[in-house]
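Understanding the architecture of this molecule
Take a look at the letters that make up each chain.
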Amino acid sequence: MLKWIYIFLLYLIADAESGHCQDVPYTINFTRQEYRAGNQNWSLDQLSDGRMLVGNNEGLLIFDGQKWDLLHLPEQQTVRTVAVDTEDRIYTGGFATSGYWEPNERGQLTYHDLSTNLDAQQIEQEEIWHILVAEERIWFQTFSTIFEYD
């Protein structure tokens with residue numbers, strides 16, 4: 001019996017050294033103090049250049065692999081959802097707001113509020129919690145309504 005235990009242990013050691021244990025992705029946990037924003041993150045997406053986008057209680061977080069940047073919505077709303085289209089336009093949604101971010105002439109991301117195109121009663125009590133980007137159309141989903149932008 002002891003012989004089989006040694007054989008099994010040798011198999012585990014050989015398997016670990018063969019690189020199978022490297023199939024697990026490398027994970028880094030960031031604290032709230034490191035990314036300097038709210039303690040709740042709601043949504044993730046990624047730009048074509050690899051930067052990560054995070055919908056956070058305090059706004060839109062952007063991580064380039066080295067540093068975190070926080071962009072605020074006009075009324076400091078929570079960003080509940082974030083999505084990127086094929087042209088790297090960043091769409092965000094939150095309470096009573098939906099819109100997109102694009103670089104201005106200096107390369108700084110600026111927010112364009114799409115909620116102003118809606119009747120105030122349509123959006124003022126809604127929470128955009130999901131965005132779907134598909135075939136040149138964008139759908140903003142609330143708990144009771146879906147808004148289409150094309």
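A quick note: this is a predicted structure, and the numbers were derived from the prediction, not measured. (Residues numbered from 1 in each chain as written. Predicted model: local features only at pLDDT ≥ 70, side-chain atom pairs only at ≥ 80, totals over all residues. Heavy atoms only, no water.)

For the rest of this paragraph, the subject is the pairing of strand 6 (residues 90–94). In terms of residue burial, strand 6 counts as a mostly covered element, since five of its five residues are buried. Every second residue of strand 6 is oriented toward a common face, with I90, T92 and G94 on one face and Y91 and G93 on the other, all of them buried. Counting the residues that bridge the hairpin from strand 5 (residues 81–84) to strand 6 gives five residues, and of these D88 lies at a positive phi of roughly 65°. Here strand 6 pairs with strand 7 (residues 97–103) via five bridges, running antiparallel. Each bridged residue has a counterpart across the sheet, and for T92 the counterpart in strand 7 is G99. Hairpin connection of strand 6 to strand 7: two residues between the antiparallel strands, including A96 at a positive phi of 60°. (Buried < 20%, exposed > 50% of the residue type's maximum accessible area, 1.4 Å probe, protein only. Helix = DSSP H or I, 4+ residues; strand = E, 2+ residues; numbered from the N terminus. Pairing = 2+ DSSP bridges.)

Bringing the sheet that holds strand 3 (residues 59–63) into the picture now. Read from one edge to the other, the open sheet built from four strands follows the order 1-2-3-4, with strand pairing classed as antiparallel. Looking at strand neighbours, the two that pair on one side only are strand 1 (41–46) and strand 4 (68–71), the edges of this open sheet. Strand-to-strand twist across the sheet, computed as the mean angle between neighbouring axes with direction ignored, equals 20°. Inspection of the sheet shows strand 2 (residues 52–56) paired to strand 3 by five bridges, in the antiparallel sense. Following the sheet pairing, N56 is matched in strand 3 by G59. (Axes fitted to C-alpha atoms, helices over the stretch in contact; angles between N-to-C directions.)

If you walk across this open sheet you meet the three strands as 9-10-11, and the pairing is antiparallel. On the outer flanks of this sheet lie strand 9 (130–134) and strand 11 (146–149), each paired with one strand and no other. Neighbour to neighbour, the strand axes of the sheet diverge by 20° on average, direction disregarded.

In this fold, S98 is placed in strand 7. Residue classification places S98 among the buried positions, given a relative accessible area of 4%. When residues no more than four places from it in sequence are discounted, the contact partners of S98 are T92, G93, Y111, H112, D113, L114, S115, I128 and F140. (Contact = heavy atoms within 4.5 Å.)

By secondary structure assignment, the location of S144 is in the loop between strand 10 (137–141) and strand 11. Remark: the alpha-carbon pair of S144 and E126, spanning 18 residues in sequence, is separated by 7.9 Å.

Attention now moves to the packing of aromatic side chains. Counted according to the given criterion, the structure contains ten aromatic pairs. Ring centres of Y35 and W68 lie 5.6 Å apart, and the angle between their planes is 55°; this geometry places the pair in the tilted category. On the criterion of sequence distance, the pair formed by Y35 in helix 2 (residues 32–35) and W68 in strand 4 is long-range, its members being 33 residues apart. For W68, a relative accessible area of 13% corresponds to the buried category. A network of ring pairs unites the aromatic residues F30, Y35, F63 and W68 as a single cluster. We note R80 situated over the ring of W42; from NZ or CZ to the ring centre the distance is 4.3 Å. The ring of Y100 is capped by R89, whose NZ or CZ atom sits 4.0 Å from the centre of that ring. (Phe/Tyr/Trp six-rings, centres within 6.5 Å; stacked < 30°, edge-to-face > 60°. Lys NZ or Arg CZ within 6 Å of the ring centre and 35° of its normal.)

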